[in-house]
Amino acid sequence: MKILIAEDDFISRTLLQEILVVLGICHVAMDGVEAMAAYQQALDMKEPYDLICLDIMMPNLNGQEVLKQIRDIEKERGIWGSAMAKIIMVTALDDPKNIMTALIKGSCEAYLVKPVDRDKLMTELKRLGLQG
Amino acid sequence: MDEQLSNEQIEIIQEFIQECSELLDNLEPKLVGFAEFTQGGVFSLNDEASQVLQEVFRLFHSVKGSAGFLNFSHMASTAHAAENLLDQIRKGALGMSNEHVDLFCKTCDFMRETLDYAASYMNDAGMAEQAGELALELNEALKAGQEEMLPTVPVGQPATPPPAVAKAPSAVVKEPVLPDMDLAVTTEMLEAFLQESTELLQEVEQGLVAWSNEAGNKEIVAELFRKIHSFKGNCGFLGFRDLERLSHRMETVLDVAKAGACPAKVKPADSLLNLCDVLKITLADITKQGNSAIDGLELYLELLDDLIPAGWGSQLNLASTAPLLGEILLDHGVITEDSLNAALSVQQKPLGEILVDMGAVSTDEVDKALEHQQQKRGEAALVHEAKVSEPTALPKRQDLRVDLEKIDTLINLIGEMVIAENMLIHSPDLQGREMESFSKAAQQMSKIVKELQEVAMSIRMIPVSGLFNRMTRLVHDLSRKSGKKVDFVLVGTETEVDKIVIEKITDPLVHLIRNSMDHGLETPDERLAAGKNETGVLRLVASHEVGEVWIRIDDDGRGLNREKILNKAVERGVVQGDGAELTDKELAALIFIPGFSTADKITDVSGRGVGMDVVKQNLNQINGKIDIDSKPGQGTLVILRIPLTMAIIDGMLIRVGNVRYIIPILTIREAFRPAAKAITVSPDGQELVNVRDRLYPVLRLHRLHKIEPAGENLTAGILILLENQGRNVCLFVDEILGQQQTVIKGLSEYIGKIGQVRCVSGCTILGNGDVCLILDVGGLTEIELESV
């Protein structure tokens, strides 16, 4: 499985990486722009990410925006159904507006509010059918 | 999952409902668009269709994700099943048929219903059955497709699988594994319920009053029905069974009335009004001690049953749609119209029995006809049920409820800012300097601060319509009780006043209106005898006048009884002599004396003599004034004058000795330096000053507050003529220092209690940081009265 983690905070990023690395290859991005570049490149190489973890509060391009752009690209290229990337928002923001924007406008697969631990993340992955 | 829902969770769910409804609004036209592709039977994937399919998939996907997040498991599993089906179609494993479109549309309907359900219960637990059936259908379709590759269902064949399948083992159905969000009643919810319900009942009450005046208006009834219905829903949700039962029965009565099947002789509005009171009292009980039981509930229910015609049965309007027994018998040619009419004229017991008694028909024939009627009713019931199941759209909230405390804090802070601004601009450090750009900036800041202050005050302002409408009910009841006819006119209901003002004038208004109804307006006979219209007019008018809100209560009744009031006043020793020299205004002031009542007998409406005293006290608390004007035989006009703002006033800064005071500018009539010849001293030592041929008492502030004045000589200082409730006094001060915006701060309680400081209503902080007292002009004018 190919995983992308977009998170500007070192500790959160490392934590996610350590939890997820057992599942497959983990790439990391420090901000939204980097995340978009990584996503684009993987897509061009025809090896898209299976799972993308996005923080919302990131420099340059925030997670909501990344989510929207990814979904736009998928739409453009006619990628849909089970071929869509599974996106999990991992963020400290827990206000209704952010949650519903991500879930409904951005159609993300899951929304996790920090702090995130292994159990929480694994439960969610299991629900999405991603855990081996 | 949490046992309780926090406010945040509720907010999230509300957000979800709103977003999701929009989503469904988008989804539906797309689904219908599908029907075009499937017109010619099974549809094969082409570019255009594929795009639509994509859209639909995305939307279902979003619903699945967000419903899953909220643990709306039924909704999520249904969306998931729909998504699976779409994915199969995408992969080409399945063709798209009309049947599928129907199924997706059905899924949409289900989701809308679930959203409606969630809006009131905050979960989707109640939709389990429907979700199960739907998921089953979706999975069936999926399986069918996988087995046959292409379904060959022709267009138009019902998509629903046979009911037997629906009861199949739930292995196929993706049963929700997550626990449902359980909802316990929190204090906040209870508070919200009480507030909302009280408002709702308020509206119901108005509606009922309107209905009783305009019996034929179906719209009002429909509106009432909706309101009682949501009230019932709220009660049921929070488990107040008694309230639910009673409101349910009220709803039924309204339903009867809506269908026009109400017995003509009864006026349900009045009974319902009484029951509205019962509901309100129960709500109050809940607030006080959490007791939601209604005493005598059965009695109320029976009372309402009288309003519901027999045969209404399970609240379905069957009787009016099914033909009447007599008509059926007539149709069948069993009886003639004559015998039917004869039977109807004696109709006390069931018509069938009478006809049998009359020998017009046989028992068998009646039974047959009755059977026929039952059947027709059954059909009607089905139709009715179909109508009932239509989802009802919930109105969207548009306003924002804010804790009053927050607003008060904001206003306090702005008050502090006004003081800080004064301190800054009048800082002693800046004295005597020329600073052009600073003064410019200061001016700009003053302007903004002033605007900010106005905006902040306006947040607290609410229209008086709610208060006024409550009075409608009062007048309605009073007029029923006393048999007086009255036309109650409301003017200026949109006028906005401070929330505190509304609270404080509610009681006074009730008293004043009672007075008008009880003492003022005459009975129809008396009115006719006096040559007036039989129906009296009571007007309640709200308006903005310079810096004040005026509430006028105006009736065209008999006016104040001068003689009676004078007799009573003399009797009580309030007025010396025969009081013949008193003006109308002074006379009116007498009725504000505690315990003063002219009523011959105490009624349950008024006459205890506490009313006007309370009116005055309440108004004093908000610095309001009362003017009364009355013309015998023509009516009485009472004006409540309330200052617009109570937090910040325009004040006049004065000095006595080395102490400074603020006088509210609105109470100042004029300020002048008296000529020596204008001053006279009465035999008992009271100093009086002559202003344009009227004598006013002089009050020396330095004596009242025991201050060392700059001078004792009246002609050396300044006299300020103050007015309150028609009474005047001239205040002697040393100097007027200027005018300024004054932020009122309360005095600490112990200062007020010990009573060392007389005639002070509060304090403020001056620009240089000094504390300065605000004079209570009402108190000052009363001191003068005491000493007379």
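The rules behind these values
- Residues numbered from 1 in each chain as written.
- Chains lettered and ligands numbered in written order.
- Predicted model: local features only at pLDDT ≥ 70, side-chain atom pairs only at ≥ 80, totals over all residues.
- Heavy atoms only, no water.
- Helix = DSSP H or I, 4+ residues; strand = E, 2+ residues; numbered from the N terminus.
- Buried < 20%, exposed > 50% of the residue type's maximum accessible area, 1.4 Å probe, protein only.
- Contact = heavy atoms within 4.5 Å.
- Areas by Shrake-Rupley, 256 points an atom, 1.4 Å probe, with all protein chains shown as cover.
- Buried area = accessible area lost by both parts, 1.4 Å probe.
- Salt bridge = Lys/Arg side-chain N within 4 Å of Asp/Glu carboxyl O.
- Polar contact = N/O pair within 3.5 Å; in protein donor to acceptor, adjacent residues only side chain to side chain.
- Pairing = 2+ DSSP bridges.
- Expected span 1.5 Å × (residues − 1).
- Phe/Tyr/Trp six-rings, centres within 6.5 Å; stacked < 30°, edge-to-face > 60°.
- Axes fitted to C-alpha atoms, helices over the stretch in contact; angles between N-to-C directions.
- Parallel < 35°, antiparallel > 145°, perpendicular 65-115°, else oblique.
- Left-handed = near helix turned anticlockwise from the far one by under 90°.
- Nonpolar A, V, L, I, M, F, W, Y, C, P; charged D, E, K, R; others polar.
- Core = buried A, V, L, I, M, F, W, Y, C linked by side-chain atoms within 4.5 Å.
- pLDDT = per-residue confidence, 0-100.

A. View of the overall build of chain A. Across its full length, chain A carries five helices and five strands. Mapped in sequence order, the helices and strands of chain A form the string β-α-β-α-β-α-β-α-β-α. Buried residues in chain A amount to 55% of all 132 residues. Long-range contacts, defined here as pairs at least 24 residues apart, represent 59% of the contacts in chain A between residues at least 6 apart. Approximately 6,000 Å² of chain A is accessible, and the part contributed by carbon and sulfur atoms is 55%.

B. The arrangement of the interface of chain B and chain A in detail. Chain B puts 24 residues into the contact, and the matching count from chain A is 23 residues. Of the roughly 2,100 Å² buried between chain B and chain A on both sides combined, carbon and sulfur atoms contribute 64%. Taken together, the links from chain B to chain A amount to one salt bridge. Put simply, chain B and chain A have four residue pairs in polar contact (both at pLDDT 80 or more) between them. Looking at the side of chain B that touches chain A, the elements that each hand over two or more residues are α1 (7-37), α2 (47-69) and α3 (73-90) of chain B.

C. Summary view of the pairing of strand β5 (residues 548-555) of chain B. Residue and element names in this part refer to chain B. As paired strands, strand β4 (residues 536-545) and β5 are joined by eight bridges and run antiparallel to one another. Looking across to β5, one finds that Arg-539 is bridged to Asp-554. Of the strand pairs in this sheet, β5 and strand β7 (residues 635-643) are connected by eight bridges, and their pairing is antiparallel. Residue Ile-551 lies in a different strand from β7, and its bridge partner there is Leu-640.

D. Representation of the environment of Asn-62 of chain A within the structure. Residue and element names in this part refer to chain A. Assignment of secondary structure puts Asn-62 in the loop between β3 (51-54) and α3 (63-76). Residue Asn-62 is classed as partly exposed on the basis of its relative accessible area of 35%. The spacing of Asn-62 and Val-33 is 29 residues in sequence and 8.6 Å in space, taken between C-alpha atoms. A distance of 2.8 Å separates the side chain of Asn-62 from the backbone nitrogen of Glu-65, its partner in a polar contact.

E. Spotlight on helix α9 (residues 241-258) of chain B. Over its 18 residues, α9 of chain B extends 25 Å from the first C-alpha to the last, a length consistent with the 26 Å expected when each residue adds 1.5 Å. Where α9 of chain B is concerned, the buried positions are Leu-243, Leu-246, Ser-247, Met-250, Glu-251, Thr-252, Val-253, Leu-254, Asp-255, Val-256 and Ala-257 of chain B.

F. Region of the structure containing the packing of aromatic side chains. Summed over all chains, the structure comprises three aromatic pairs over all chains. Taking 5.7 Å as the distance between ring centres and 75° as the angle between the ring planes, the aromatic pair formed by Tyr-111 of chain A and Phe-69 of chain B counts as edge-to-face. Taken together, the residues Tyr-111 of chain A in strand β5 (residues 110-113) and Phe-69 of chain B in helix α2 connect one chain to another. For Phe-69 of chain B, a relative accessible area of 27% puts it in the partly exposed group. On the basis of an interplanar angle of 45° and a centroid distance of 5.8 Å, the ring pair of Phe-60 of chain B and Phe-104 of chain B is categorised as tilted.

G. Region of interest: the packing of helix α16 (residues 404-425) of chain B against helix α17 (residues 436-460) of chain B. Residue and element names in this part refer to chain B. Put simply, α16 and α17 touch, their axes get as near as 10 Å, and they point 160° apart. With respect to each other, α16 and α17 are oriented roughly antiparallel. Classified by chirality, the crossing of α17 by α16 is left-handed. Where α16 approaches α17, its residues Leu-404, Ile-407, Asp-408, Leu-410, Ile-411, Ile-414, Met-417, Val-418, Glu-421, Leu-424 and Ile-425 are matched on the opposing element by Phe-438, Ala-442, Met-445, Ser-446, Val-449, Leu-452, Gln-453, Ala-456, Met-457, Ile-459 and Arg-460. Of the residues in the contact of α16 with α17, the class split is 17 nonpolar, two polar and three charged.

H. Structural detail: the sheet that holds β5 of chain A. Residues and elements named next belong to chain A. Overall, parallel pairing links the five strands, which are arranged β2-β1-β3-β4-β5 in an open sheet. Each edge of the open sheet is held by one strand with a lone partner, namely β2 (25-29) and β5. With strand direction ignored, the average angle separating the axes of adjacent strands in the sheet is 20°. Sitting on the sheet, helix α2 (residues 32-44) touches β1 (2-6), β2 and β3, and the angle it makes with β1 is about 165°.

I. Layout of the nonpolar core. Ranked by size, the top nonpolar core spans 78 residues in total, and within it Ile-52, Ile-87 and Met-89 of chain A together with Phe-16, Met-75 and Phe-104 of chain B carry the most contacts. The element that contributes the greatest number of residues to this core is α1 of chain B, accounting for ten residues. For Met-75 of chain B, the contacting residues outside a window of four places in its chain are Phe-16, Cys-20, Val-63, Ala-67, Phe-110, Met-111, Thr-114, Leu-115 and Asp-124 of chain B. Core analysis: the next-biggest nonpolar cluster, separate from the first, contains 43 residues, Leu-478, Val-486, Val-575 and Met-612 of chain B among them.

J. Geometry of unusual backbone geometry. Omega for the bond connecting Lys-114 of chain A with Pro-115 of chain A falls within 30 degrees of zero, at 5°, which places this linkage in the cis form. Topologically, Pro-115 of chain A is positioned in the loop between β5 and α5 (118-127). Residues other than glycine seldom take positive phi values, yet Ser-107 of chain A does so here, at roughly 45°. Along the chain, the position of Ser-107 of chain A falls in the loop between α4 (96-105) and β5. Although it is not a glycine, Lys-706 of chain B adopts a positive phi angle of roughly 50°. For Lys-706 of chain B, the position within the fold is in the loop between α24 (701-704) and β14 (718-724). For Lys-706 of chain B, a relative accessible area of 74% translates into the label exposed.

K. Fine view of the environment of Leu-24 of chain B. All names here are of chain B. Topologically, Leu-24 is positioned in helix α1. Sequence separation between Leu-24 and Val-56 is 32 residues; the distance between their C-alpha atoms is 9.9 Å. The residues touching Leu-24, leaving out its near neighbours within four places in the chain, are Cys-108, Met-111, Arg-112 and Leu-115.

L. Highlighting the confidence of the model for chain B. All names here are of chain B. With 72% of its residues at a pLDDT of 70 or more, chain B shows a mean pLDDT of 74. Note that pLDDT drops below 50 for residues 313-322; the model gives that stretch 16 contacts with residues more than four away or on any other chain. The model gives residues 385-397 a pLDDT under 50, and that stretch makes six contacts with residues more than four places away or in other chains.

M. Highlighting the side chain of Ser-21 of chain B. All names here are of chain B. With respect to the helices, strands and loops of the structure, Ser-21 is situated in helix α1. In this structure the side chain of Ser-21 is engaged in a polar contact, spanning 2.6 Å, whose partner is the backbone oxygen of Ile-17. Sequence-distant contacts of Ser-21, defined by excluding residues within four places in its chain, comprise Arg-112 and Leu-115.

N. Structural view of the pattern of salt bridges. Residue and element names in this part refer to chain B. Throughout the structure, instances matching the rule amount to 26 salt bridges over all chains. Across the pair Glu-522 and Arg-527 runs a salt bridge whose closest N-O atoms are separated by 3.0 Å. Comparing Glu-522 with Arg-527, the two get one shared label, buried. Taken together, the shared-partner salt bridges connect Glu-522, Arg-527, Lys-532 and Asp-556 into one network.

O. Layout of the sheet that holds strand β17 (residues 760-765) of chain B. All names here are of chain B. The five strands lie next to each other as β16-β8-β9-β18-β17, forming an open sheet whose pairing is mixed. Strands with a single pairing partner mark the edges of an open sheet, and in this sheet they are β16 (735-743) and β17. Strand-to-strand twist across the sheet, computed as the mean angle between neighbouring axes with direction ignored, equals 35°. Pairing of strand β9 (residues 659-664) with strand β18 (residues 771-775), which is carried by two bridges, proceeds in the parallel orientation. Directly across from Ile-662, in β18, lies its bridge partner Ile-774. Strands β8 (648-656), β16 and β17 of the sheet are contacted by α16, whose axis makes an angle of about 140° with β16.

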